[in-house]
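# A look at the structure
This is what each chain is made of:
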Amino acid sequence: MSFCWVSGPIPSVEAQTKAKFSLSRFISRSSWSATAETSDSTVSLTVCSNPNAPIGVYKLILDQGEAIGLGEFVLLFNPWCKQDPVYLASEAEREEYVLSQDGLIYRGIPKRITVLPWTFGQFEPGILDICLQILDESPNYISDAALDCSERRNPVYVTRVLSAMINSLGDKGVLVGNWSDDYEDGVKPTVWKDSCSILRQWSNDGCRAVRYGQCWVFAAVACTVSRALGIPCRVVTNYGSARDSNGDLVMERFYNEFDENIADDSIWNFHVWVENWMTRPDLSLGYEGWQASDPTPQHRSEGVFCCGPAPVRAIKEGELTFKYDVPFVYAEVNADVVEYIKLRDGRVFKMGGSTTEVGKSISTKAVGRDEREDITHNYKYPEGSEEERRVYEKANHHNKLAQAGEEPGLHIKIKVTPDMQIGSDFDVYAELKNNTMVTKSCRVMFYAQAVSYNGKLGETCGLGEFTEMNLASTEGEPGSLKRLTTLIRCDFGPLQILGVPKVGQNLVADLALQNPLPEPLENCVFTIHGANLTDGKPITHE
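Every chain is numbered on its own, with residues counted from 1 as its sequence reads. The predicted origin of the model limits local features to residues at a pLDDT of at least 70 and limits the giving and counting of side-chain atom pairs to 80 or more, whereas totals for whole chains, interfaces and linings rest on all residues. The basis for the side-chain values is all heavy atoms of the structure; hydrogens and waters are excluded.

Working note: α-helix, 3.6 residues per turn, so residues spaced by three or four point in the same direction. Relative to the 20 Å expected for 14 residues at 1.5 Å per residue, helix H7 (residues 215-228) spans 20 Å between its end C-alpha atoms, a close match to the ideal helical length. Numbering of helices and strands runs from the N terminus, with a helix taken as a DSSP run of H or I at least four residues long and a strand as a DSSP run of E at least two residues long. Glycine 230 sits one or two positions beyond H7 and adopts a positive phi of about 95 degrees. Expected span, for any helix, means 1.5 Å times one less than how many residues it has.

See below:
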């Protein structure tokens, strides 16, 4: 007796959306397996999934020569399974971040933090179906359903899709954002107190975006959907949250002579996003765990209005090159503030600034208690400490490299001169660049070797060795650059044939070959062969 499960519109074994398995004596914890028990006329079937299988709706089929459908089931991420990418070891945290259907969202200002009770309701009737519908309405699914269903094994991918689909910019997302104070054609964001009303309205209206939401509403709905799909999730509030419009990690406030703020950068009293718990096999070890994700549509990531998941530890350590959107979240919690006054004649004067105004009292609900937990230390070192300034300088350095299209580290590129002529000796040079924050001591050796078309190595054609040198780093900017040059000796250049061929007429051709070597060539031969031109025999000319 064998079974088959399938998921998605185009199931395949390669995409891991289809598998066949037989009954076994024991359940396997690493692959699809099944056991059966019989009692009178009843057969009880126990099925265990591969821990890395994509989430979604599955059909279980009995294969006995013909396919017999046994039913459907929904597979979710499993934070109780150690092999699952969302495994969470603490039972108390699983109760809070997966099973709890109620929570607290923090708003206000640091000196007067207010509490908004919220009903997530992820286990309310019909909500899971709506959450799966959100995935099926995403542009990713519409453009390539097979690939999208396959990628649903990865919580990083799913979280990123949800971040885009909770807002309605650019897709058939759930919520429309509105910060205009005009809500006549919808619901004022402060009226909402639960996620289920919003999700049901979106689904019942044919996936038409619900009006209106602001940051805490976007985050609360994202939390509901994440928990419904099995991803541990919590709502996080950042006070003094910066919105860096130009990506320089600095909040520049420009005032005119009437003390009016004329800058694009802004600092919100508070901003709310979510954190999701997962592994990050795409990153270095140590960056798993809580990942910040922001469904409020204020940032384009790879052309889409979404943000994250960004490892919280990467934000704290200033690792701005890590995926996804770490620079944007880093600026939200740790940007410096600089204030300028701009006069009518165009002159600009710096008035002051602050390194401590942004990112305060970062808050979430405590585990098992209706109390606020301050998690600022997860996002940044203490303000004014040496560690905090060190991380800021590193982040600023990485950010400037990214804006220049470069990466941190010590890099070497091999280049040739633009005027290189094939067949002639030419100069090749190594370009060394120090994009670290410290001076590097380097020793370079050039070695060039001829290679044939089949990969067989030939003789050495270039060798150069250079003594030890120091490569300085320009603080905060892409580092110093040095070029080292060596000469490569080449083979012969192309043969040139001069003459204009015409049908039915003899061709007098001038054959030219330039000798690239510093010594004369002797006993040279030109050989010409052409179908219907040389009577089947080569023409040889000494």
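UniProt positions are given in the numbering used here, feature names are shortened, and annotations may be inferred rather than shown by experiment. As recorded in UniProt, the sites labelled "binding site: Ca(2+)" (unreviewed entry) are Asn334, Asp336, Glu383 and Glu388. The annotated residues occupy 55 residues of the chain but converge on a single region, no pair of C-alpha atoms lying more than 11.6 Å apart. Note on placement: asparagine 334 falls in helix H9 (residues 326-334). When its relative accessible area of 4% is taken as the criterion, asparagine 334 is described as buried. With respect to the helices and strands, the residue aspartate 336 is situated in strand E18 (residues 336-342). The buried label goes to any residue with under 20% of its type's maximum accessible area, the exposed label to any with over 50%, and the partly exposed label to all in between, with areas taken from a 1.4 Å probe on protein chains only. A relative accessible area of 10% places aspartate 336 in the buried class. Any two residues having at least one pair of non-hydrogen atoms within 4.5 Å are treated as being in contact. Once residues lying within four places of it in the same chain are set aside, the contact partners of aspartate 336 are Leu249, Val250, Met251, Ser354, Thr355, Arg389 and Tyr392.

Burial along strand E2 (residues 18-22) is one-sided: Ala19 and Phe21 are buried, and none of Lys18, Lys20 and Ser22, which face the opposite way, are. Should DSSP find at least two bridges between two strands, the strands are taken to pair. Bridge analysis of strand E1 (residues 2-7) against E2 gives five bridges, and the strand direction is antiparallel. Bridging from a neighbouring strand, serine 2 pairs with serine 22 of E2.

Moving on: the pattern of salt bridges. The salt bridge definition used is simple: a Lys or Arg side-chain nitrogen within 4 Å of an Asp or Glu carboxyl oxygen. Scanning the entire structure with this criterion turns up 21 salt bridges. Residues glutamate 91 and arginine 94 are paired through a salt bridge, measuring 2.5 Å at the closest nitrogen-oxygen approach. Taken together, the residues glutamate 91 and arginine 94, both in helix H1 (residues 91-99) and three residues apart, mark about one turn of the helix. According to the relative accessible area criterion, arginine 94 is buried, its value standing at 9%. Close ionic contact of glutamate 371 with arginine 369 constitutes a salt bridge, the shortest N to O distance being 3.1 Å. Given the relative accessible area of 42%, arginine 369 is considered partly exposed. Several salt bridges converge on common partners, so that one network encompasses Glu96, Lys365 and Asp370.

Quick look at the nonpolar core now. Among the nonpolar cores identified, the biggest contains 52 residues, and Trp118, Val158, Trp216, Val225 and Leu229 are the most heavily contacted of them. Going through the elements one at a time, strand E7 (102-109), strand E8 (112-119), helix H2 (127-136), helix H5 (155-165), helix H6 (196-204), H7, strand E11 (233-243) and strand E13 (266-278) are the ones with two or more residues in this core. The dominant element in this core, judged by the number of residues it contributes, is H7, at eleven residues. We call a set of buried Ala, Val, Leu, Ile, Met, Phe, Trp, Tyr and Cys residues a nonpolar core when their side-chain atoms join them within 4.5 Å. Among the nonpolar cores identified, the runner-up in size contains 37 residues, and Leu283, Ala292, Tyr340 and Val391 belong to it.

Below, the discussion takes up the sheet that holds strand E17 (residues 310-311). As summarised here, the arrangement of the six strands in space is E17-E14-E13-E11-E20-E21, forming an open sheet in which the pairing is antiparallel. Where the open sheet ends on each side, the last strands, each with one partner, are E17 and strand E21 (372-374). Sheet analysis places E13 next to strand E14 (residues 289-293), joined by five bridges and oriented antiparallel. Across the sheet, residue valine 274 finds its bridge partner in E14, namely serine 293. Against the sheet, H7 contacts E11 and E13, and its axis sits at roughly 5 degrees relative to E13. Structural elements are reduced to axes, namely lines fitted to C-alpha atoms, with helices fitted over the stretch in contact, and the angle between N-to-C directions of any two is expressed from 0 to 180 degrees.

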